[in-house]
Amino acid sequence: MVDIAVSGRRTRRLLRPSLLAGVLIILGFLVVAIAAPVIAPRQGERNEESYRVASMRPLPPSPEHPLGMLPGEVDILQGIVWGTRGVFRVGLVVVAARALMGIAIGLVAGYAGRFVDAILMRITDGFLAFPMIAAAMVMLAVLGFGSDPMARFLPDYIPTRQEATIQAALILFGWMTYARLIRGNVLAEREKDYVTSARASGIGHGRLVFRHLLPNSTQGLLVMMASDVGAVVVTLLAFVFIGLVSFSRDRLVQADWGQMLVAGRDWIVSGQSFAYWYAYLPLSLVIVLFAAGWNLIGDGLRDAFDPRLP
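Here goes a summary of the coordinates provided. Only a predicted model underlies this, so the values are computations on that prediction, with no experimental measurement involved.

### Some words on the environment of Asp299
Thought 1: With respect to the element layout, Asp299 can be found in helix H15 (residues 281–305).
Thought 2: The partly exposed category is assigned to Asp299, whose relative accessible area is 31%.
Thought 3: Sequence separation between Asp299 and Val223 is 76 residues; the distance between their C-alpha atoms is 7.2 Å.

Next up, the structure:
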């Protein structure tokens, strides 16, 4: 009876409005990403001559282009729809890499303790103290320029060197909170009776860590990862917006959210910004909705798994 009551209470927590709203929003984006070829079929590739004769001003919404067009005849609806695939790919990959690094470092620090723990936590503090923008600029200066031979053949799947460098910076300077979370959980778990009993039975370190400690030390991990996806996407788009990542004209024709932000950036600060609202407002609202959906999922999961809540 107790198990049934606990299960029912957990189910009610998972039905919280914030969690349901976040799941519905992200599922909507996922459907758009999967059905992109049906929702907004891609236009044929244009050559350099056709690009030169294209309009250099945003074009207002029309029946053929419901959200208007950016300079260079980039359809805004098409860019938003197809760009959904890119933000999912980048957000999930970066967060998964951050989590893996954080889990590995936090697990070693929490289990080894003492000298190893002190060294790893000081390294973590050093990464926390280093500004993300400064790190990205240094990495771009060292690694971010050069040819991208594979991107020429697979432009939709292979990021440019600048894009890959920014993503690497987001990973290398974003794992620290995961490491602290896992370390704290491991420190709490390793003092419990089941760990003491496992050690007394002569179980090996590897089995103790991966079969017992790690599965019981992931409290709060899903919450952090869900909230982090939206933050990663917004941070990456901010780097693009301020010009840390530049795009070639050919990649602008294919359009994703970052490239569209660059294309509409000048019209935000122009004297006629309200006249060209369609160049930046639809995409801005979509970005806010995407980030809000992941934040709602994170908040909902936190409330669902918080034992202090009814």
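Don't stop here, the text continues.
### Things to note about the packing of helix H12 (residues 221–241) against H15
Thought 1: Orientation of H12 relative to H15, taken along the N-to-C sense of each, is 165°, at an axis distance of 7 Å. The angle between H12 and H15 falls in the class roughly antiparallel. The two elements H12 and H15 cross, and the hand of that crossing is left-handed. Mapping the contact onto sequence places Leu222, Val223, Ala226, Ser227, Val229, Gly230, Val233, Val234 and Leu237 in H12 and Ile287, Phe290, Ala291, Trp294, Asn295, Ile297, Gly298, Leu301 and Arg302 in H15.
Thought 2: For the contact of H12 with H15, the class distribution of residues is 13 nonpolar, 4 polar and 1 charged.

### So, the pattern of salt bridges
A side chain with one charge may pair with a side chain of the opposite charge, provided their charged atoms come close.
Thought 1: All told, the structure shown has 7 salt bridges when counted by the stated rule.
Thought 2: One salt bridge connects Asp125 with Arg180, and the closest N-O pair in it is separated by 2.2 Å. Linking Asp125 in helix H6 (residues 114–129) with Arg180 in helix H9 (residues 176–189), this pair joins segments that are 55 residues apart in sequence.
Thought 3: The residue Arg190 makes a salt bridge to Glu191 at a minimum N-O spacing of 3.4 Å.
Thought 4: On the basis of relative accessibility, which here comes to 56%, the residue Glu191 falls in the exposed class.
Thought 5: Put simply, Arg122, Asp125 and Arg180 are held in one network by salt bridges that share partners.

Conventions and cut-offs
Residues numbered from 1 in each chain as written. Predicted model: local features only at pLDDT ≥ 70, side-chain atom pairs only at ≥ 80, totals over all residues. Heavy atoms only, no water. Helix = DSSP H or I, 4+ residues; strand = E, 2+ residues; numbered from the N terminus. Buried < 20%, exposed > 50% of the residue type's maximum accessible area, 1.4 Å probe, protein only. Axes fitted to C-alpha atoms, helices over the stretch in contact; angles between N-to-C directions. Parallel < 35°, antiparallel > 145°, perpendicular 65-115°, else oblique. Left-handed = near helix turned anticlockwise from the far one by under 90°. Contact = heavy atoms within 4.5 Å. Nonpolar A, V, L, I, M, F, W, Y, C, P; charged D, E, K, R; others polar. Salt bridge = Lys/Arg side-chain N within 4 Å of Asp/Glu carboxyl O.

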